[in-house]
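Structure assessment
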Amino acid sequence: MTQLLLRHTPVTVLTTLTLLLFGCSPTGSSDQAIRNYAETAQPEDSELASIYRRSCMACHSRGTSDAPLTGDGDAWNKRLEKGMEPLVDNVVSGMGGMPPYGLCMDCDTTEFRELIAFMARPAET
Ligand code: HEC
């Protein structure tokens, strides 16, 4: 009996350590990876990146007022089920905690489409 306990102890210790490191939720570590990605990710195109930084990033890099996070593929897929154009319309007219034009008053719909495609691209987790 003692031997049996001893044999199993390292496994228990490892399991406990794993739970401590990664939290209780099995998706915890990848949520964190998405949050890390969202904090810094920027579009490759420099003009689009500067629009993103001054308009969308404040909310979509931190999930302010439940904004879908940049790189959160699941969250964006649910929204994209509506189709791209309804999403663009909602940015233009504003939605919930998002002000009209997502604060980019001089953006055109092509830029909004590109920004959405960038934000919806899943982070590699
Ligand atoms: C002040 C914060 C804020 C800013 C700035 C902002 N958003 Fe949002 N955005 C949100 C929030 C909050 C939601 C979720 C709205 C809801 O579901 O009620 C959202 C949702 C969206 C959606 C999903 C709309 C839908 O129909 O589901 C898109 C697309 C979007 N934002 C694009 C952008 C773009 C592009 C920019 C920059 C040009 C931007 N946002 C700037 C807060 C913001």
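Residues numbered from 1 in each chain as written. Predicted model: local features only at pLDDT ≥ 70, side-chain atom pairs only at ≥ 80, totals over all residues.

Focus: the overall build of the chain
Along the chain, the regular secondary structure elements total six helices and zero strands. In the chain, the succession of α and β elements from N to C terminus is α-α-α-α-α-α. When each of the 125 residues of the chain is scored for burial, the buried share is 20%. Residue pairs at least 24 apart in sequence account for 61% of intrachain contacts in the chain once pairs closer than 6 positions are excluded. (Helix = DSSP H or I, 4+ residues; strand = E, 2+ residues; numbered from the N terminus. Buried ≥ 20, exposed ≤ 12 C-beta atoms within 10 Å, placed from the backbone. Contact = placed C-beta atoms within 7 Å.)

Overview of the nonpolar core
In this structure, Ile51, Tyr52, Cys56, Cys59, Ala67, Trp76, Val91, Phe112, Leu115, Ile116, Phe118 and Met119 together form the largest nonpolar core, which totals twelve residues. The set of elements that each furnish at least two residues to this core consists of α3 (46–60) and α6 (109–120). For this core, the element with the highest residue contribution is α6, accounting for five residues. Apart from the residues within four sequence positions on either side, tryptophan 76 is in contact with Pro68, Met119 and Ala120. (Core = buried A, V, L, I, M, F, W, Y, C linked by C-beta atoms within 7 Å.)

A few points about the site of the ligand
Close to the ligand lie 27 residues, the nearest being Cys56, Cys59, Gly96, Gly97 and Gly102. No other element matches α3, which puts five residues into the shell around the ligand. (Near = placed C-beta within 6 Å.)

A few points about the confidence of the model for the chain
For the chain, mean pLDDT is 86; residues scoring 70 or higher make up 78% of the total. In the predicted structure, residues 12–26 sits below a pLDDT of 50 and forms four contacts with residues beyond four places in sequence or in another chain. (pLDDT = per-residue confidence, 0-100.)

What about the packing of α3 against α6?
Axis separation between α3 and α6 bottoms out at 11 Å; the angle between their running directions is 60 degrees. By the angle class used here, α3 and α6 are oblique. At the point where α3 passes α6, the crossing takes the right-handed sense. From α3, Leu48, Ile51, Tyr52, Cys56 and His60 reach across to α6, where they touch Glu111, Glu114, Leu115, Phe118 and Met119. Tallied by class, residues from the contact of α3 with α6 come to seven nonpolar, one polar and two charged. (Axes fitted to C-alpha atoms, helices over the stretch in contact; angles between N-to-C directions. Parallel < 35°, antiparallel > 145°, perpendicular 65-115°, else oblique. Left-handed = near helix turned anticlockwise from the far one by under 90°. Nonpolar A, V, L, I, M, F, W, Y, C, P; charged D, E, K, R; others polar.)

Comments concerning α6
With twelve residues, α6 extends 16 Å between its outermost C-alpha atoms, agreeing within 8% with the 16 Å of an ideal straight helix rising 1.5 Å per residue. Every buried residue belonging to α6 is among Phe112, Leu115, Ile116, Phe118 and Met119, and all of these are buried. Summarising the axial view, the buried residues of α6 lie within an arc of 160 degrees, below the 170-degree limit, and thus occupy one face. The secondary structure elements touched by the buried residues of α6 are α3, α4 (73–80) and α5 (84–93). (Expected span 1.5 Å × (residues − 1). Arc of directions from axis to C-beta.)

Brief notes about the environment of valine 88
Relative to the helices and strands, valine 88 is located in helix α5. In this structure the C-alpha to C-alpha distance between valine 88 and phenylalanine 112, which are 24 residues apart in sequence, comes to 6.3 Å. Excluding its chain neighbours within four sequence positions, the residues that come into contact with valine 88 are Thr109, Phe112 and Arg113.

Section: the packing of α5 against α6
At a closest axis distance of 10 Å, the pairing of α5 and α6 adopts a crossing angle of 110 degrees. Classified by the angle between their axes, α5 and α6 sit roughly perpendicular to one another. Judged by the sense of rotation from one axis to the other, the crossing of α5 with α6 is right-handed. Here α5 contributes Met84, Leu87, Val88 and Val91 to the contact with α6, which in turn contributes Thr109, Phe112, Arg113 and Ile116.

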